[in-house]
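Here is what each chain is made of, one letter per residue.
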There are 2 protein chains.
Amino acid sequence: MNKKQSKSALSESENKPLSKNVSPVSAKRIRNFRKNKFSEEDLLKDLLNGNKTALGRGITLIESNQTSHQQKAEYIIEGALPHAHKSIRIGITGVPGVGKSTFIESFGSYLIGKGKKVAVLAVDPSSSVSRGSILGDKTRMENLVKEKNAFIRPSPSGESLGGVARKTRESIILCEAAGFDVILIETVGVGQSETTVHSMTDFFLLLKLAGAGDELQGIKRGIVEMADAIVINKADGENQKAAREAKLEFNRALQLYPPKESNWKPEVKLCSALYDQGISDVWEMITVFENKVRKSGFFQHNRQEQNKFWLYQTVNDYLKSRFYDHPEIKTALKEQLKLIEENRTTAFAAAKHLLDLA
Amino acid sequence: MNKKQSKSALSESENKPLSKNVSPVSAKRIRNFRKNKFSEEDLLKDLLNGNKTALGRGITLIESNQTSHQQKAEYIIEGALPHAHKSIRIGITGVPGVGKSTFIESFGSYLIGKGKKVAVLAVDPSSSVSRGSILGDKTRMENLVKEKNAFIRPSPSGESLGGVARKTRESIILCEAAGFDVILIETVGVGQSETTVHSMTDFFLLLKLAGAGDELQGIKRGIVEMADAIVINKADGENQKAAREAKLEFNRALQLYPPKESNWKPEVKLCSALYDQGISDVWEMITVFENKVRKSGFFQHNRQEQNKFWLYQTVNDYLKSRFYDHPEIKTALKEQLKLIEENRTTAFAAAKHLLDLA
């Protein structure tokens, strides 16, 4: 194994005097480098003081694919890390039209009224195509966006879910280091994105609509299992009866699932985000949850397990992409898949053939 | 990429005359090799004629970890492949005590009475520890084991689930090539083994017990979603009322799940394997299923997708084990996991550190 010397940005930041043997040109370059370094130090300092512009710039560095930006991002994340982890991270999912933006607007404003600092992030791997289908249009949260104690950031775009996930997770750390104590992470649930958001949050909230008889139809497999709460939105006006019926139905369905590792029993709540009704109930429930799982130690345990999961996930994703992105493997894979379709090879013989090429 | 010359056993089987330049010793070695080759040809021929001893020997070669055995196994699998795939593969799962052996005894005997040839395999990654907890004791199927048209094989042991899965999937091919047209694959459901068995079968059957109020409690997440049928066993004597209630409960629960890709609506059946009651109903249901999915093309499509899944699975498992089994990575991984527990690094920085070592 050859050990690459991948220096972290941090290792450069010591204030060594320049050697006398260094040429004036080099010296200038080095000074400029150090100056840039100091500007990251300033950025970090501002960020830790809760400056939203610095936070935004830090996240922009995380989202950049440029190596120099990535090194700066690493420096800032390392500096932010000891100050992070004081928040509760809440995942919010639901089909388009369920009122996620309205819910976050109402819920976020309520929390700010209670003295909280609220960051809203999104995980939307499709946003490269649809140009930011969620949170892209901040006008949908027109009150929240004006609040001093709110920070809203659309999904990083132009990336695979794995890339979006990494960037979002690192952004969470910066938000927390900047003093945001409630992190809302929204997803529309494209592909595996609910699972992704579930694996980076402490509490997972599924938004549903009242009405429409067969309540569980159309929900992707496994989503209900992941939910810590199902919140039925638009439970107002003529919808109220249907919403109450949906609540009963969901409560019955939830009882059929085995207990969660957290020992938390998922709850079903009604709300009308448009009329700010039922919002405080949702927060009270989450507070009860947080107290319970912090006391039991599950909260801390779960975050550690999530971090370990992401370590393995990152390594495995990289190993796979390195293998499958190789041109020779790509060609051979096509051939082997064709042989499989024609029943002319087994999955294992085909795999062996590919691995022998690598 | 350096292309390793990993010759398949097949490439050696051509009857080339020996070169005159070959030394007598080498010539003898080569002749012996060819002789062994011919003995595999005989084994394959016997296997294709339905000889159970040859089938058993073929599976023993698949289960062996010796390179020479693996080459022989490859030759036999390649020869068997064109003759396989005429069966229906049925996965059977359920908690210990639900009566899996009794059910298979009754169900298998019924099928043999209908002129079927029945192979019973097992997937039990724990069998290395518990020394064959399922099917290890053939006396639990004392009638079936005596049948000419039944073949019963315990789980390959001493292996990871991945290893057991590969061996079982290859064994299925040999069973099918030997003329077995119903393949029953039993699992106790340790870890991920139900998912594994689900991904190698056409029909997935969950055995349950009657009685005990909260019917879905204790079933692992996702198992009910995978089931094409829930069969409530021991629905006899005093259990009958409870069994009927359980059937209602399960039917209600199944309606809450979104439709399957196969368009098959999972059914709930009652049976008493001990008294051979309800067994024909189960088979009729599976026949209806098979006709339906063969007609729609899902049957063939699903098998192809399963094969492709196993190709990727095998490659990915290998890539991971090659990485994580490396001593240097093992040590570094421990260190990084500790840093994660102490909140001193991020999952992504830790992953990068490990990948830089490789």
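Here the structure is shown first, and the text comes after it.
Only a predicted model underlies this, so the values are computations on that prediction, with no experimental measurement involved. (Residues numbered from 1 in each chain as written. Chains lettered and ligands numbered in written order. Predicted model: local features only at pLDDT ≥ 70, side-chain atom pairs only at ≥ 80, totals over all residues. Heavy atoms only, no water.)

S.K.: Explain the sheet that holds strand β1 (residues 88–93) of chain A here, please?
M.R.: Strand-to-strand pairing in sheets goes through backbone hydrogen bonds, with the strands running parallel or antiparallel. All names here are of chain A. Taken in spatial order, the 7 strands of this open sheet run β3-β2-β4-β1-β5-β6-β7, and their pairing is parallel. Looking at the sheet topology across the chains shown, the edges are occupied by β3 (150–152) and β7 (267–270). On average, each strand axis in the sheet is tilted by 20° relative to the strand beside it, whichever way the strands run. Where strand β5 (residues 203–209) lies against strand β6 (residues 229–233), 5 bridges are found, and the strand directions are parallel. Paired with Lys208 across the two strands is Ile232, which belongs to β6. Taken strand by strand, helix α6 (residues 161–177) contacts β1, β2 (118–122), β3 and β4 (182–187), and its axis lies near 170° from that of β2. (Pairing = 2+ DSSP bridges. Helix = DSSP H or I, 4+ residues; strand = E, 2+ residues; numbered from the N terminus. Axes fitted to C-alpha atoms, helices over the stretch in contact; angles between N-to-C directions. Contact = heavy atoms within 4.5 Å.)

S.K.: Where do I start with the nonpolar core in this structure?
M.R.: By size, the foremost hydrophobic cluster in this structure holds 133 residues, and its most contacted members are Leu311 of chain A together with Leu311 of chain B. It is helix α6 (residues 161–177) of chain B that contributes the most residues to this core, 8 residues altogether. Beyond its immediate stretch of four places on either side in the chain, Leu311 of chain A contacts Leu333, Leu337, Ile340, Ala347, Ala350, Ala351 and Leu354 of chain B. (Core = buried A, V, L, I, M, F, W, Y, C linked by side-chain atoms within 4.5 Å. Buried < 20%, exposed > 50% of the residue type's maximum accessible area, 1.4 Å probe, protein only.)

S.K.: How should I be thinking about the pattern of salt bridges in this particular structure?
M.R.: Close approach of charged atoms allows side chains of opposite charge to pair. Residues and elements named next belong to chain B. Applying the stated criterion across every chain yields a total of 28 salt bridges over all chains. Glu249 serves as the salt-bridge partner of Arg252, at 3.0 Å between the closest nitrogen and oxygen. Placement of the pair is Arg252 and Glu249 together in helix α9 (residues 240–255), with a separation of 3 residues, close to one helical turn. Judged by its relative accessible area of 47%, Arg252 falls in the partly exposed class. (Salt bridge = Lys/Arg side-chain N within 4 Å of Asp/Glu carboxyl O.)

S.K.: Can you walk me through the relation of the copies chain B and chain A in this structure?
M.R.: Relating the two copies of this chain is a rotation about some axis coupled with a shift parallel to it. Under the fitted operation, chain B is carried onto chain A by 0.0 Å of movement along the axis and a turn of 180°, and the coordinates agree to an RMSD of 0.1 Å. As the rotation angle and translation indicate, the two copies are arranged about a two-fold axis. (Least-squares fit on C-alpha atoms with pLDDT ≥ 70 in both.)

S.K.: What should I look at first to understand the interface of chain B and chain A in this one?
M.R.: How big an interface is tends to be expressed through the accessible area that disappears when the partners come together. Taken together, the 62 residues of chain B in the interface contact 62 residues of chain A. Regarding the contact of chain B and chain A, the summed buried area is about 6,200 Å², with carbon and sulfur atoms giving 63% of it. Summed over the shared surface of chain B and chain A, the number is 4 salt bridges. Between Glu74 of chain B and Lys352 of chain A there is a salt bridge; the shortest N-O distance is 3.9 Å. At the boundary of chain B and chain A, one finds 6 residue pairs in polar contact (both at pLDDT 80 or more). The set of elements that each furnish at least two residues to the side of chain B that touches chain A consists of α3 (67–80), α6, α9, α11 (298–324), α12 (327–341) and α13 (347–357) of chain B. (Buried area = accessible area lost by both parts, 1.4 Å probe. Polar contact = N/O pair within 3.5 Å; in protein donor to acceptor, adjacent residues only side chain to side chain.)

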